[in-house]
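Coordinates in review
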Amino acid sequence: MSTTTDTDTARDINISLTWAIMTHARRREHAERLAGLCSEPTPTVVEDPGAGSTLVTSAAAWATAADASHHIVLQDDALPVEGLAARVVDLVSRAPDAAISLFTEWGCRTATRVRIAALAGEATAPVVDPYVPSLALVLPTPVALAFAEHACGLDPATPDDVALRGFLNDRGVRQLVSVPNLVEHDTNGTTPSLTGNAFQGMRRSVCFGPPPRAEENASSGSALRLAHIGWMRATAEVFDDSPQAPSAFVGTPVAQALPEQVEPARLTERFEETITRVAREHGPELTRVLHRTVLFELWTAWYANGLGSGLRAEHLERGRLDPVAEAALGTVLPGVFRRYVPVETLETVRDHTVTFVLDAMRYGAAEPTEVREEWLKG
């Protein structure tokens, strides 16, 4: 049995799904449990054949695609939303030729794109990291089979998410991530990382749980410059996300890239206004949890995204947020600081964070047109 739908989109296409779950023999029980949560047809469980390579296992999982328009590969520590198949069909019908990730972790650059897309009411955001989030990924079946063949010729030590990024880029396949995410990462401690990623700290979804919006824009039209503060350096950096830009994990400090009309003293003054406003509305806990130095870096990044997002200041009021945007902004702090501060502590200032981020963005969005245009030109 396949899951199908007819959609009123640019392409009238029947969407059908097949599934695979990639796992290791030590975690077979996790894969079987996950298979029980998936709809028909029953997922194929693909074990690491002993190579100790995510790429080899991934290629085997993608090679099981058949008799459907699209193929989904889940890793065994994926936790899907209820009714995943129907929501995937709806999502894929909007962009049937794209690769669509159903999860991205809360601290990567793509997560920042998801947050901006959530504020804009968009159903997807572009993947902008040097890898494709592959915890839960959907590919058109011909693309899935082509990747499986392609991967067999690569060095088995190549991470599968990096290999996917290169392959999809070379073939001009758009790479998107769902807004909200439709899969969460099982981080309850029962499924330790087999790929050495434990040092990165807890990697949960940027935005998981909210129901789908009644109305959404089909795809993200975000600006090509993105300000981001990552978990490795906790420094506000700007990245060129245009297709021709080289792949990069390190950007240019935002402080060096802001338009010359933006005076540092004025930024500091506005940052302090935000701190005062957050304390007045929610209490002083934010500056007790995190030092002002790193909070200023965070504020600067989101001020810059206010400059470049195209969102108007009046659309960045807390009262105008829907549950998707609220959830996405609520994960900003653990995304950045999960290695330095207990996630449980960061969760205590979730409301503070949402107000903080919106306030920074409003300052950026309210800058004169020439300042915002100068920022976008780079």
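Preceding block: the structure.
Residues numbered from 1 in each chain as written. Predicted model: local features only at pLDDT ≥ 70, side-chain atom pairs only at ≥ 80, totals over all residues. Heavy atoms only, no water.

Section: the pairing of strand 11 (residues 236-240)
Remember that side chains alternate between the two faces of the sheet whenever the strand is regular. Most of strand 11 sits inside the fold, with four of its five residues counted as buried. As judged from the five bridges shared by strand 10 (residues 225-229) and strand 11, these two strands associate in the antiparallel manner. Among the inter-strand pairings, alanine 227 is bridged to a residue of strand 11, identified as valine 238. Here strand 10 hands over to strand 11 after six residues, with alanine 234 in that stretch at a positive phi of 50°. Of the strand pairs in this sheet, strand 11 and strand 12 (residues 252-253) are connected by two bridges, and their pairing is antiparallel. In the strand pairing of strand 12, valine 238 is matched with threonine 252. (Buried < 20%, exposed > 50% of the residue type's maximum accessible area, 1.4 Å probe, protein only. Helix = DSSP H or I, 4+ residues; strand = E, 2+ residues; numbered from the N terminus. Pairing = 2+ DSSP bridges.)

Remarks on unusual backbone geometry
Following valine 179, the chain continues into proline 180 via a peptide bond in cis, with omega recorded as 0°. Here proline 180 is to be found in the loop between strand 8 (175-178) and strand 9 (183-185). At aspartate 67, a residue that is not glycine, the phi angle is positive and equals roughly 55°. As for its placement among the helices and strands, aspartate 67 is situated in the loop between helix 2 (54-62) and strand 3 (70-75). For aspartate 67, a relative accessible area of 79% puts it in the exposed group. With phi around 50°, alanine 234 is a residue other than glycine that occupies positive phi space. If you trace the backbone, alanine 234 turns up in the loop between strand 10 and strand 11. Alanine 234 gets classed as buried once you look at its relative accessible area, which sits at 14%.

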